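Now for the letters of each chain:
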Amino acid sequence: MLTGSLLANLYTYRSETTVEKSIRAAAIMTAPRYECVASRNVIERGLKTLGIPLTVSGGVFYGQCMQKMLTDIANSNCQYAITIDSDTLFTADQLLRLISIIDQEKDIDAITGIQARRGKLVMLGTVDGGEQIGPDEKRIDWCGYPIKAKTAHFGLTVIDVEKLRHVPKPWFLATPNDDGEWEGSKTDDDVWFWLQWEKAGNSIFIDPGVKLGHVEEMVSVFDDNLQPQHIYIQDWEQHAKSC
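Keep in mind the model is a prediction, meaning the values are calculated, not measured. (Residues numbered from 1 in each chain as written. Predicted model: local features only at pLDDT ≥ 70, side-chain atom pairs only at ≥ 80, totals over all residues. Heavy atoms only, no water.)

## With respect to the overall build of the protein
Rules: The numbering of helices and of strands both runs from the N terminus, where a helix is a DSSP run of H or I of at least 4 residues and a strand a run of E of at least 2. Relative accessibility decides the category of a residue: with a 1.4 Å probe and only protein chains considered, values under 20% of the type maximum give buried, values over 50% give exposed, and everything between is partly exposed. Every residue pair with non-hydrogen atoms within 4.5 Å of one another is taken to be in contact. Here, Shrake-Rupley sampling with a 1.4 Å probe gives the accessible areas, and only protein chains in the shown set may cover a residue. In this tally, Lys and Arg are treated as positive and Asp and Glu as negative; His is ignored, and so are the chain termini. By convention, the point assigned to a charge is CZ for Arg, NZ for Lys, CD for Glu and CG for Asp.
On a plain count of helices and strands, the protein comes out with six helices and 14 strands. When its C-alpha atoms are laid out on the principal axes, the protein stretches across 60 × 45 × 40 Å. A buried classification covers 43% of the 243 residues belonging to the protein. Put simply, of all contacts in the protein between residues at least 6 apart along the chain, 69% involve residues at least 24 apart. Approximately 13600 Å² of the protein is accessible, and the part contributed by carbon and sulfur atoms is 51%. Of the charged side chains in the protein, 24 are positive and 34 negative, and the gap between their average positions amounts to 6 Å.

## Observations concerning the packing of aromatic side chains
Just so we agree on the cut-off: Stacked, tilted and edge-to-face pairs are distinguished by plane angle, under 30 degrees for stacked and over 60 for edge-to-face with tilted covering the rest, among Phe, Tyr and Trp rings (Trp via its six-membered ring) whose centres lie within 6.5 Å.
One pass over the full model with this rule turns up nine aromatic pairs. Considering the side-chain rings of tyrosine 145 and phenylalanine 205, the 6.2 Å spacing of their centres and the 90° angle between planes classify their relative orientation as edge-to-face. Taken together, the positions of tyrosine 145 in the loop between β8 (137-139) and β9 (147-149) and phenylalanine 205 in strand β11 (residues 204-211) put the pair 60 residues apart, joining distant regions of the chain. Among the residues examined, phenylalanine 205 registers a relative accessible area of 7% and is labelled buried. Seen from their ring centres, phenylalanine 154 and phenylalanine 172 are 5.7 Å apart, and the 50° between their planes marks the pair as tilted. With phenylalanine 154 in the loop between β9 and β10 (156-160) and phenylalanine 172 in the loop between α4 (161-164) and α5 (189-199), the pair connects residues that are 18 residues apart, well separated along the chain. Taken together through their ring pairs, the aromatic side chains of Tyr62, Phe154, Phe172, Phe193, Trp194 and Trp197 make up a single cluster.

## Looking at the packing of helix α1 (residues 37-50) against helix α3 (residues 92-104)
Condition: Geometry is summarised by axes, namely lines fitted to C-alpha atoms with helices restricted to the contacting stretch, and by angles between N-to-C directions that run from 0 to 180 degrees. Any angle between 65 and 115 degrees counts as roughly perpendicular, while under 35 counts as roughly parallel, over 145 as roughly antiparallel, and the rest as oblique. By definition, any crossing whose near helix is turned counterclockwise from its far helix by less than a right angle is left-handed, and any crossing with a clockwise turn is right-handed.
One way to put it is that α1 packs onto α3 with a least axis distance of 8 Å and a crossing angle of 55°. The orientation of α1 with respect to α3, classified from their angle, is oblique. Helix-helix and strand crossings are classified by hand; for α1 and α3 the assignment is right-handed. Facing α1, whose interface residues are Gly46, Leu47, Thr49 and Leu50, α3 presents Ala92, Leu95 and Leu96.

## Notes on the side chain of histidine 153
Worth spelling out the cut-off: Think of a polar contact as two N or O atoms within 3.5 Å of one another; within protein, one of them needs to be a possible hydrogen donor and the other a possible acceptor, and neighboring residues in sequence only count if both atoms come from side chains.
Looking at the element boundaries, histidine 153 is found in the loop between β9 and β10. A polar side-chain atom of histidine 153 sits 3.3 Å from a polar atom in the side chain of threonine 112. Of note is the side chain of histidine 153, whose polar atom sits 2.9 Å from the backbone nitrogen of glycine 155. The contacts of histidine 153, once residues within four sequence positions are left out, are Thr112, Gly113, Gln115, Leu124, Trp194 and Leu212.

## Structural notes on the side chain of histidine 239
With respect to the helices, strands and loops of the structure, histidine 239 is situated in helix α6 (residues 236-242). By relative accessible area, histidine 239 is classed as buried at 16%. Setting aside residues up to four positions removed in sequence, histidine 239 forms contacts with Val221, Gln229 and Ile231.

## Points about the environment of threonine 71
Residue position: threonine 71 is located in helix α2 (residues 62-74). Classification of threonine 71 as buried rests on a relative accessible area of 17%. Residues threonine 71 and glycine 155 lie 84 residues apart in sequence; the distance between their C-alpha atoms is 19 Å. Beyond its immediate chain neighbours, meaning those up to four positions away, threonine 71 contacts Lys169 and Trp171.

## Comments concerning the pattern of salt bridges
It is possible for side chains of opposite charge to pair when their charged atoms get near one another. For clarity, the threshold we go by: Counted as salt bridges are all cases of a side-chain nitrogen of Lys or Arg within 4 Å of a carboxyl oxygen of Asp or Glu.
Tallying each qualifying case throughout the model produces nine salt bridges. Note that aspartate 207 is salt-bridged to arginine 97, the shortest N-O span being 2.5 Å. Within this pair, whereas aspartate 207 is found in strand β11, its partner arginine 97 is found in helix α3, the two being separated by 110 residues in sequence. Between glutamate 198 and lysine 150 there is a salt bridge; the shortest N-O distance is 2.9 Å. You can see glutamate 198 sitting in helix α5 and its partner lysine 150 sitting in the loop between β9 and β10, a full 48 residues away along the chain.

Bear in mind that shape data such as this cannot, by itself, settle questions of function.
Structure (structure tokens):
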């Protein structure tokens, strides 16, 4: 496990000044055998700017890979574990903002940015409260402070390692619904982690001030008026039949 110590000018979250502080952090990422080179370049550039080393696991079992890498970090002297998805885009400044917030706000045990789901323009993660305005939509007032969530994602997430050490294992466990099927009320690996995280008394916050990119394949096609448009791949066949 690669760990690093960076001397960074952390944003003082509640004012416009900065404070120089040494932070011990390590980044981890699972990656497919073949991945998007463009997004990998963006990820490595952001981490290199801050001097944060990256460990990549190429195993097929996501939960096992994540738990092994996080366990290595928990057994080190790292303060913060940074999880990254290979299809997430971010800048060094965005990551530095997340590190700055979690290092100064003691009620925040893990923090991530806001990210849109692929194939459906809704936020990845769940939050309590707010006004339900649709099946997958809530209206939530944002005052500028990160929003407390119930579940989140691992696209770019900073985790307090001391809090992680006290979370019971397994940290990742996919479970089917009551009928034994992998649909509906099933629990995925990543969601399981956040439920266990909450049971251990820890918090996860989403910062809308950090708007993360989510790489997605789209189809470019001309419509009936010969105007170019983008559609989701899963909608392509139905679209072609209607043309």
